[in-house]
Amino acid sequence: MTNDWDWAYHGPLLWTAIGQTLQMVLVTLVIGGLLGLGYGLALYATRRGGLYAAGGVYAVLSFVVNLIRPIPFIIFITAARPLTIAVTGTSLGVRAAIFPMVIVTIMATARLVEQNLVAADPGVIEAARAMGASRFNALIHVLVPEALGPLILGYAFLFVGVLDMSAMAGAIGAGGLGYFAISYGYDRYNDVVTWVAVGVIIVMVQIAQHLGNTLARRVLHR
């Protein structure tokens, strides 16, 4: 057991791991967050009483979300390996991890968006429609801004989930802080390395949560 930290050896490995983790998390949040926003808007709009109510369409969209969301990510990423290889050409590394992470993030974001929009005051939609706004404009330019504060908080919380997925992806060869903690900490019985990785992850979460809270507070008090 070697509980020590050597900056000359571990330092470059840590910085590489941080860069890989940030790449996985940020790319996943941008792609999955945007596509998930569109998916969530579709869920909200097609549900019963929605602006584009369509029971059959909503049932299919909701079924897909409910099919993927409950699957533990470590199982999903291995089950999706054939599709990942077909799309990315590999099952290892950052690029291979991002693909299944994006899929799961789309599903999580979609339900998050739907729930926040459902909780928004329906009166703003009625008022917008009464003033002649189209269904699309009422949805995009009225309802989304109305629910923007809670949505920002939701996305900040989503960051934690995506960061967690990146760590699990690291356990099966994706790189990042998860791989760093397991390969250079757990496997080599070096608790210091493991706790350094944990500390970096905690700092990332705190920064993301602070930014989310700050942005949401500004939006809510504008």
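Under the definition given, this model contains two salt bridges. Of the charged contacts, one joins Arg47 and Glu114 as a salt bridge, the two residues approaching to 2.5 Å between their closest N and O atoms. Note that Arg47 is positioned in the loop between α1 (7-46) and α2 (55-68) and Glu114 in helix α5 (residues 93-119), a separation of 67 residues in sequence. The partly exposed category is assigned to Arg47, whose relative accessible area is 26%.

A cluster of nonpolar side chains, contributed by Val27, Val30, Ile31, Leu34 and Leu35, occupies part of the molecular surface with about 430 Å² of accessible area. In this structure, Ile31 sits in helix α1. Exposure remark for Ile31: the relative accessible area of 39% places this residue in the partly exposed category.

Below, the discussion takes up the side chain of Thr84. Among the secondary structure elements, Thr84 is positioned in helix α4 (residues 81-88). Look at Thr84 and you get buried, because its relative accessible area is 3%. Once residues within four sequence positions are removed from consideration, Thr84 is found in contact with Gly89, Thr90, Ala96, Phe99 and Pro100.

Attention now moves to the packing of aromatic side chains. For the coordinates displayed, the defined rule picks out five aromatic pairs. A centroid spacing of 6.3 Å and a plane angle of 75° characterise the contact between Tyr9 and Tyr184, whose relative ring orientation is edge-to-face. Of this pair, Tyr9 sits in helix α1 while Tyr184 is found in helix α9 (residues 176-186), placing the two residues 175 residues apart along the sequence. With a centroid separation of 6.3 Å and an interplanar angle of 80°, the aromatic rings of Tyr179 and Tyr184 are classed as edge-to-face.

Okay, the nonpolar core next. Tyr39 and Phe73 are the most contacted members of the largest nonpolar core, which has 43 residues in total. At the level of elements, α1, α2, α3 (73-79), α5, α8 (148-170), α9 and α10 (191-220) are the ones that each hand at least two residues to this core. Sorting elements by how many residues they give to this core places α5 first, with 10 residues. If we ignore the near neighbours within four places in the chain, the residues touching Phe73 are Pro100, Met101, Val104, Met165, Met168 and Ala169.

What counts as what
Residues numbered from 1 in each chain as written. Predicted model: local features only at pLDDT ≥ 70, side-chain atom pairs only at ≥ 80, totals over all residues. Heavy atoms only, no water. Salt bridge = Lys/Arg side-chain N within 4 Å of Asp/Glu carboxyl O. Helix = DSSP H or I, 4+ residues; strand = E, 2+ residues; numbered from the N terminus. Buried < 20%, exposed > 50% of the residue type's maximum accessible area, 1.4 Å probe, protein only. Patch = residues over 30% accessible without salt bridge, like charges linked within 9 Å, V, L, I, M, F, W, Y side chains within 5 Å. Areas by Shrake-Rupley, 256 points an atom, 1.4 Å probe, with all protein chains shown as cover. Contact = heavy atoms within 4.5 Å. Phe/Tyr/Trp six-rings, centres within 6.5 Å; stacked < 30°, edge-to-face > 60°. Core = buried A, V, L, I, M, F, W, Y, C linked by side-chain atoms within 4.5 Å.

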